[in-house]
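# Residue-level structural notes
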Amino acid sequence: MNDKPFSQSNSACAEYDFLIGPYIDDELPDGEAARLEKHLELCQGCKILTLQFQKLDRLAKSTMGLVPPVSAEEWGEVWSTLQGRRAIIYRDGDKRRALFYGDGDKRRALFYGDGDKRRALPWGVPALSFAALVLIGIWLGWSLIQKEPEDQGPPHVQKVEIDPSTPENLRPKIRQGEGDYVIIDFSG
Amino acid sequence: MGSDPSDREDLEKVTEFLSGKETAFEFLFDKYREKVYAVAFRFVRDKEDALEIVQDVFLRAYQGLAKFKTDSKFFTWLYRITVNRAIDLLRSRKSRPAVELAAREEQDNFEANIADPRSCDPAALFDQKETGRLVLNAVSQLSDKHQAVFLLHAVEELSYKEIAEVLGCSIGTVMSRLFYARKKLQELLAGLSCL
């Protein structure tokens, strides 16, 4: 006879452990219940576990079953607060509908045609997709037209003539820039 | 489901509400406020929080009643909203230990008051209070999912099928969670003489 407590139950009991809960809860099919009952007659450990599970449920029920009472005034407060919060939601809901769909709910009409033909006539989605494609095409075309032509040669080429009589220290200085260009400094 | 007279009455009121009769909602509130409050309290163990949950639950019910499927029980649907809201609150509490502590102190006071007044034995009263405190502490150590299944079964006395509907899982999952919840509680309460 196995008389080990649950925490030390051996592997032979593992098959039955899981059935004990449904057994005490009357949730086990008759055949399974009979099989477990036979085992309980032989196994002290599982029998103890069964009793402990039952006591545990009773203890939880007696400890946690009670709740502090709520007075009529407190329920009145809960109800009036609830009514206030409901009113806010109701008003907001109406505003939202009005803002998005104008008077009446035109959402269905916009997407699905007339009345309740939502499933029968779903032309709104392909129509919107087509419109989106057209808009993308227009945007791409506009971007190509607006694009600047590529550089054709060095920019800002300017011929500078210097009077030979200009003293050396007053002539513009030429120095190398960072790229393939030069900087002429006229500041003297 | 739905064959019980009470369930039929609920469905009638839901239909009335959806057709614009606001008083039908008031009827459902009056009928179920105590039950929703009790479920919420058993999870959060704080009266103010439980009443806050009652408000939230009925507000969500008001907003979402159009989505309620009439082939299920109205109260099962309310239970689901209540349990989800209570679990949300428990999770937020875990990130605010000070609030958790305050709720526990309030609960301790409540437990002291509910100890059986007929018992004149101070030692017995102390034991009763201490046992209650240990049980609550052990249950609070369970994971949210295990706690929900255990409370719905052991305290609310829902069947496995009803629990599965409330929590949106299979009956097998309910059995498994309940088994591990009981096993864990048994380990945590191993020292109790009454167990």
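Residues numbered from 1 in each chain as written. Chains lettered and ligands numbered in written order. Predicted model: local features only at pLDDT ≥ 70, side-chain atom pairs only at ≥ 80, totals over all residues.

### Observations concerning the overall build of chain A
A tally of regular secondary structure across chain A gives six helices and two strands. For chain A, the succession of helices and strands along the chain, N to C, is α-α-α-α-α-α-β-β. Counting all 188 residues of chain A, 11% fall into the buried class. Long-range contacts, defined as pairs at least 24 residues apart, comprise 39% of the intrachain contacts of chain A with a sequence gap of at least 6. (Helix = DSSP H or I, 4+ residues; strand = E, 2+ residues; numbered from the N terminus. Buried ≥ 20, exposed ≤ 12 C-beta atoms within 10 Å, placed from the backbone. Contact = placed C-beta atoms within 7 Å.)

### Focus on the interface of chain B and chain A
Facing 32 residues of chain B, the contacting portion of chain A comprises 30 residues. Contributing elements (two or more residues each) for the side of chain B that touches chain A: α2 (23–44), α3 (47–64), α5 (97–114), α6 (122–140), α7 (144–155) and α9 (171–188) of chain B. The biggest single contributor to the side of chain B that touches chain A is α3(B), with eight residues. Looking at side-chain class alone, the side of chain B that touches chain A contains 23 nonpolar, four polar and five charged residues. (Nonpolar A, V, L, I, M, F, W, Y, C, P; charged D, E, K, R; others polar.)

### Quick word on the nonpolar core
Residues and elements named next belong to chain B. Ala40, Val54 and Leu78 are the most contacted members of the largest nonpolar core, which totals 63 residues. Here this core takes eleven residues from α2, the largest share from any one element. Excluding its chain neighbours within four sequence positions, the residues that come into contact with Ala40 are Ala50, Ile53, Val54, Thr82 and Ala86. (Core = buried A, V, L, I, M, F, W, Y, C linked by C-beta atoms within 7 Å.)

### Some details on the environment of B:Met175
With respect to the helices and strands, the residue B:Met175 is situated in helix α9. Linking B:Met175 and B:Val149, residues 26 residues apart in sequence, is a C-alpha distance of 8.9 Å. In contact with B:Met175, not counting residues within four places along its chain, are A:Gly21, A:Pro22 and B:Tyr160.

### Considering helix α6 (residues 124–146) of chain A
The terminal C-alpha atoms of α6(A) lie 33 Å apart, and with 23 residues this matches the ideal 33 Å at 1.5 Å per residue to within 8%. The buried fraction of α6(A) amounts to zero of the 23 residues, a small share that puts the element mostly on the outside. (Expected span 1.5 Å × (residues − 1).)

### Focus: the packing of helix α8 (residues 160–167) of chain B against α9(B)
Residue and element names in this part refer to chain B. Between α8 and α9, the least distance of the axes is 8 Å, while the angle of their chain directions is 100°. Looking at the two axes, α8 sits roughly perpendicular to α9. Here α8 contributes Tyr160, Lys161, Ile163 and Ala164 to the contact with α9, which in turn contributes Ile171, Val174 and Met175. Partitioned by chemical class, the residues of the contact of α8 with α9 number six nonpolar, no polar and one charged. (Axes fitted to C-alpha atoms, helices over the stretch in contact; angles between N-to-C directions. Parallel < 35°, antiparallel > 145°, perpendicular 65-115°, else oblique.)

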